[in-house]
Amino acid sequence: MMNQCKKVNNLKIRRALLGDISQMVHVEKESGAVFSAMPVEFLSCLPENLPLHSKEFYEQAVRNNGAWLAELDSKIVGFICLENIEEESSIHISEFAVDYNYQRKGIGNQLLSFVINFAQNESKDITLTTFSNVPWNANYYRNCGFITLNVNDLNDRLKSLIKNEVETGLPEQYRCAMKLTV
C-alpha cells in the first residue's frame, strides 16, 4: 500500500492554527511549481493562474479541526485539509500540498499515512478529486491503495466537486475522483 521507503525523522505533524494560514497559502502556491514539468499540451488546458484556495477556505478547515501541517525545523513545508463527511462515513481530502523545495523527500507520504491511520481509527473511507493524467497525482494515490471511481459511480457530492473544479477552469477531461476503502 503506502511506500514507506522515505521518512523524514524530524518532521512534525500538527493541527493547523489560524495563525498558520498565510504559510499554508504560500505552500499551496509553491507546490504548483512542479506542474512546469508537464507537457505543453496539458499546460495549455490549464487556466493561466491555477486557482488557489481562499483565506476563508483555510479558516473553515482550521476551525473544523480539518487542517494538518507538516513542519520541518519549525517551518511549514506541507499540509493536508480534510472534510468530515458524516453521511458517507468518509473523510474527503480537499487540499494536499507540499512546498516544491521539499517534494520527493517523503513528506507527502507521511502526511497521507497520518490521514490513512486517522481514517482507519475512525472507520472512515477517504475520497479526493485530482488530475487523472498527472503522474504525482492519480498514480501516486493508486500506489497508496486508492481506486479511481467511474464517472457513473460518483455520488452527488463528488459530481458537484468536479463540476465546481471545472467551473474554476480545470479541464474536465483530466479530473477524477478517487476513494480508499479502509
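Residues numbered from 1 in each chain as written. Predicted model: local features only at pLDDT ≥ 70, side-chain atom pairs only at ≥ 80, totals over all residues. Heavy atoms only, no water.

### Things to note about the sheet that holds strand 1 (residues 11-15)
Part 1 of the argument: Pairing is mixed in the open sheet, where seven strands are placed in the order 1-2-3-4-5-7-6. With partners counted over all chains shown, the strands left at the sheet margins are strand 1 and strand 6 (147-148), one partner each.
Part 2 of the argument: Looking at chain direction, strand 4 (residues 90-98) and strand 5 (residues 125-131) are connected through four bridges and run parallel. For Ser-90, the partnering residue across the bridge sits in strand 5 and is Asp-125.
Part 3 of the argument: Along the sheet face, helix 3 (residues 55-63) touches strand 2 (67-72), strand 3 (75-85) and strand 4 and points at about 75° away from the line of strand 3. (Pairing = 2+ DSSP bridges. Helix = DSSP H or I, 4+ residues; strand = E, 2+ residues; numbered from the N terminus. Contact = heavy atoms within 4.5 Å. Axes fitted to C-alpha atoms, helices over the stretch in contact; angles between N-to-C directions.)

### Details of the side chain of Ser-31
Part 1 of the argument: You can see Ser-31 is positioned in helix 1 (residues 21-31).
Part 2 of the argument: On the accessibility criterion, Ser-31 (13% relative accessible area) is buried.
Part 3 of the argument: Apart from the residues within four sequence positions on either side, Ser-31 is in contact with Ala-97, Val-98, Asp-99, Tyr-100 and Gln-103. (Buried < 20%, exposed > 50% of the residue type's maximum accessible area, 1.4 Å probe, protein only.)

### Some details on the environment of Gly-106
Part 1 of the argument: Position of Gly-106 among the secondary structure elements: in the loop between strand 4 and helix 4 (107-122).
Part 2 of the argument: Taking relative accessible area as the criterion, Gly-106 reaches 8% and is therefore assigned buried.
Part 3 of the argument: The spacing of Gly-106 and Leu-11 is 95 residues in sequence and 9.8 Å in space, taken between C-alpha atoms.

### Here's the deal with the confidence of the model for the chain
Note that predicted coordinates carrying low pLDDT should not be read in detail.
Part 1 of the argument: Put simply, the chain has an average pLDDT of 90, and 94% of its residues get 70 or more.
Part 2 of the argument: Here residues 1-5 scores under 50 on pLDDT; set against residues more than four positions off or in separate chains, the count is 15 contacts. (pLDDT = per-residue confidence, 0-100.)

### Topic: the nonpolar core
Part 1 of the argument: Of all hydrophobic cores here, the largest spans 29 residues; its most connected members are Ile-80, Ile-107, Leu-112 and Phe-146.
Part 2 of the argument: For this core, the secondary structure elements donating two or more residues are strand 2, strand 3, strand 4, helix 4, strand 5, helix 5 (135-143) and strand 7 (175-180).
Part 3 of the argument: The leading source of residues in this core is helix 4, at six residues.
Part 4 of the argument: Formed by 14 residues, the second largest nonpolar core is a distinct cluster that contains Ala-16, Phe-57, Tyr-58 and Val-62. (Core = buried A, V, L, I, M, F, W, Y, C linked by side-chain atoms within 4.5 Å.)

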